[in-house]
Amino acid sequence: MDYKNAGVDIEAGYKSVELMKKHVQGTMRPEVLTNLGGFSGAFSMERFKDMEKPTLVSGTDGVGTKLKLAFLLDKHDTIGIDCVAMCVNDIACAGGEPLFFLDYIACGKNEPEKIAEIVSGVADGCKQSGAALIGGETAEMPGFYPEDEYDLAGFAVGIVDEKDLITGADLSAGDVLIGLASSGVHSNGFSLVRKVFEMTKENLSAYHEELGCTLGEALLAPTKIYVKALRSIKEQGVVIKACSHITGGGFYENIPRMLSENTHAVVKKDSYPVPPIFKMLAKQGDIEEQMMYNTFNMGLGMIVAVDSKDVEKTMEAIKQAGETPYVVGHIDAGEKGVSLC
């Protein structure tokens, strides 16, 4: 008996590392001091020593049951973007610049080509956000995961000068809410999605005119990464007073997290187009409107609050970063919370 007979192939692990190196290399930043394959990743903070109060911000998350669709369709090259997005969008939400990222893949059987495909997506997400992929772990766990399944999670660290932290503390009545369009469902609510739609390869491969693609393509569309858009706003000299990453819990859970006491967010539902995938979900699942807004992003992956005088500059900055913005509401004085009208 040996380790391979027990289900763990060390040689496959070595091959996975070799196959992923080309993807990882493209994410490197000058501050990275170590090579892939070491016991840890080192990142120099020398460039940030001139900040008044350099502050580290971090985020960790996974992809959730969206992975089930990747398994069914045997498509693994974009799911890593989702993993990175879930972490770096949270960092950007605090005003931070993502610096580096680490991934964790746990699988029933290490198939080097599949692992490299997953990591290629992680690398793509890192490139989009400017983060270096400085390390990770692939754990082969036979008997714990089915051979053809895996889990994917990540961890990111960013930096911001303390004075530039986005906290919502200066939010006031009259401030304007600007939403950034999502690419679809992103990476939240898939336990409900999988109850609504039949999870078969045949059904997911069916083309839908209203979607302009197959159902599987619409659902697997990778999560938008908003790091560049928020950086563009800052570079225009606009102060983002508050910011919300619309993830699990939708509008009702996430928007109040950006608010200070005695401020109330008002969002106009007809101020932007709701993508067809959400309308299809609501209709086929017979899901009430409030539950839709309490579960999904409904077409807005990020919402920022700015002073009313900065709206035009903010909209232009978002467009310059390649994203689509909408003025979706405003801030009122009142009990902390959100109203949709």
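For the structure, check the block above.
**Things to note about the packing of aromatic side chains**
Move 1: Counted by the stated rule, this structure contains six aromatic pairs.
Move 2: With centroids separated by 5.3 Å and ring planes inclined at 45°, the aromatic side chains of F43 and F100 adopt a geometry described as tilted. Linking F43 in the loop between α1 (10–25) and β1 (54–62) with F100 in strand β2 (residues 97–107), this pair joins segments that are 57 residues apart in sequence. Across this residue pair, the class does not change: F43 and F100 are buried.
Move 3: Between F71 and Y150, the ring centres sit 4.9 Å apart and the planes meet at 75°, which makes this aromatic pair edge-to-face. On the criterion of sequence distance, the pair formed by F71 in helix α2 (residues 67–73) and Y150 in strand β4 (residues 150–161) is long-range, its members being 79 residues apart.

**Structural notes on the side chain of T314**
Move 1: Looking at where T314 falls in the secondary structure, it is placed in helix α12 (residues 311–320).
Move 2: A distance of 2.7 Å separates a polar side-chain atom of T314 from the backbone oxygen of D310.
Move 3: Leave out the neighbours within four places in its chain, and T314 touches I178, I233, V238, V304 and V306.

**Focus: the sheet that holds β2**
Move 1: Overall, mixed pairing links the four strands, which are arranged β1-β4-β2-β3 in an open sheet. Both edges of this open sheet fall to β1 and β3 (132–140), since each of them pairs with a single strand only. On average, each strand axis in the sheet is tilted by 15° relative to the strand beside it, whichever way the strands run.
Move 2: The pairing of β1 with β4 spans nine bridges and is classified as antiparallel. The residue of β4 that forms the bridge with G59 is A156.
Move 3: Running over the sheet, helix α3 (residues 79–93) touches β1, β2 and β4 and is turned about 30° from β4.
Move 4: Contacting β2, β3 and β4, helix α4 (residues 112–129) runs over the sheet at an angle of about 165° to β2.

**A closer look at the sheet that holds strand β8 (residues 242–245)**
Move 1: Overall, mixed pairing links the six strands, which are arranged β8-β10-β5-β11-β9-β12 in an open sheet. Pairing within the sheet leaves two strands with one partner each, and these edge strands are β8 and β12 (337–340). Averaged over all pairs of adjacent strands, the angle between their axes in this sheet comes to 25°, without regard to strand direction.
Move 2: Sheet topology note: the strand β9 (residues 263–267)/β12 ladder contains four bridges and is parallel. Following the sheet pairing, H264 is matched in β12 by G337.

**Focus on a negative patch on the surface**
Move 1: Together, D74, E111, E147 and D148 line one region of the surface with negative charge.
Move 2: Tracing the backbone through its elements, the reader meets E147 in the loop between β3 and β4.
Move 3: Since its relative accessible area comes to 54%, E147 is described here as exposed.

**Digging into the layout of surface pockets**
Move 1: One number sums up the size of the largest pocket: a volume of about 680 Å³.
Move 2: Every residue lining the largest pocket is counted, 28 residues in all, and those nearest its centre are G13, V17, G136, E137 and T138.
Move 3: Among the secondary structure elements, those contributing two or more residues to the lining of the largest pocket are α1, β2 and β3.
Move 4: Of the residues in the lining of the largest pocket, the class split is 13 nonpolar, eleven polar and four charged.

**Re the pattern of salt bridges**
Move 1: This model, assessed by the stated rule, comprises 18 salt bridges.
Move 2: In this structure, the salt-bridge partner of E46 is K49, at a minimum N-O distance of 2.5 Å.
Move 3: One salt bridge connects E323 with K224, and the closest N-O pair in it is separated by 3.2 Å. With E323 in the loop between α12 and β11 (325–333) and K224 in the loop between α7 (215–220) and α8 (227–235), this residue pair connects regions lying 99 residues apart in the sequence.
Move 4: On the accessibility criterion, E323 (13% relative accessible area) is buried.
Move 5: Residue classification places K224 among the partly exposed residues on the basis of a relative accessible area of 27%.
Move 6: Connected through salt bridges with shared partners, the residues R29, E31, R47 and E97 form a single ionic network.

**Some remarks on α4**
Move 1: Relative to the 26 Å expected for 18 residues at 1.5 Å per residue, α4 spans 26 Å between its end C-alpha atoms, a close match to the ideal helical length.
Move 2: Most of α4 sits inside the fold, with 13 of its 18 residues counted as buried.

**Focus on the packing of α1 against α4**
Move 1: Contact geometry for α1 and α4: axes closest at 8 Å, N-to-C directions at 30°. Relative to α4, the element α1 is oriented roughly parallel. In this structure, α1 crosses over α4, and the sense of that crossing is right-handed. Residues A12, K15, S16, L19, M20, H23 and V24 of α1 form the contact with α4, whose own contacting residues are P112, E113, I115, A116, V119, S120, A123 and K127.
Move 2: Across the contact of α1 with α4, the residue classes break down as nine nonpolar, three polar and three charged.

The rules behind the values
- Residues numbered from 1 in each chain as written.
- Predicted model: local features only at pLDDT ≥ 70, side-chain atom pairs only at ≥ 80, totals over all residues.
- Heavy atoms only, no water.
- Phe/Tyr/Trp six-rings, centres within 6.5 Å; stacked < 30°, edge-to-face > 60°.
- Helix = DSSP H or I, 4+ residues; strand = E, 2+ residues; numbered from the N terminus.
- Buried < 20%, exposed > 50% of the residue type's maximum accessible area, 1.4 Å probe, protein only.
- Polar contact = N/O pair within 3.5 Å; in protein donor to acceptor, adjacent residues only side chain to side chain.
- Contact = heavy atoms within 4.5 Å.
- Pairing = 2+ DSSP bridges.
- Axes fitted to C-alpha atoms, helices over the stretch in contact; angles between N-to-C directions.
- Patch = residues over 30% accessible without salt bridge, like charges linked within 9 Å, V, L, I, M, F, W, Y side chains within 5 Å.
- Areas by Shrake-Rupley, 256 points an atom, 1.4 Å probe, with all protein chains shown as cover.
- Salt bridge = Lys/Arg side-chain N within 4 Å of Asp/Glu carboxyl O.
- Lys, Arg positive; Asp, Glu negative; His and termini not counted.
- Charge placed at Lys NZ, Arg CZ, Asp CG, Glu CD.
- 1 Å grid on protein atoms, 1.4 Å probe; cavity = no way out; pocket = protein on both sides within 12 Å on 5 of 7 lines; lining within 4 Å.
- Points joined across faces, edges and corners; volume = space filled by probe spheres on them.
- Nonpolar A, V, L, I, M, F, W, Y, C, P; charged D, E, K, R; others polar.
- Expected span 1.5 Å × (residues − 1).
- Parallel < 35°, antiparallel > 145°, perpendicular 65-115°, else oblique.
- Left-handed = near helix turned anticlockwise from the far one by under 90°.

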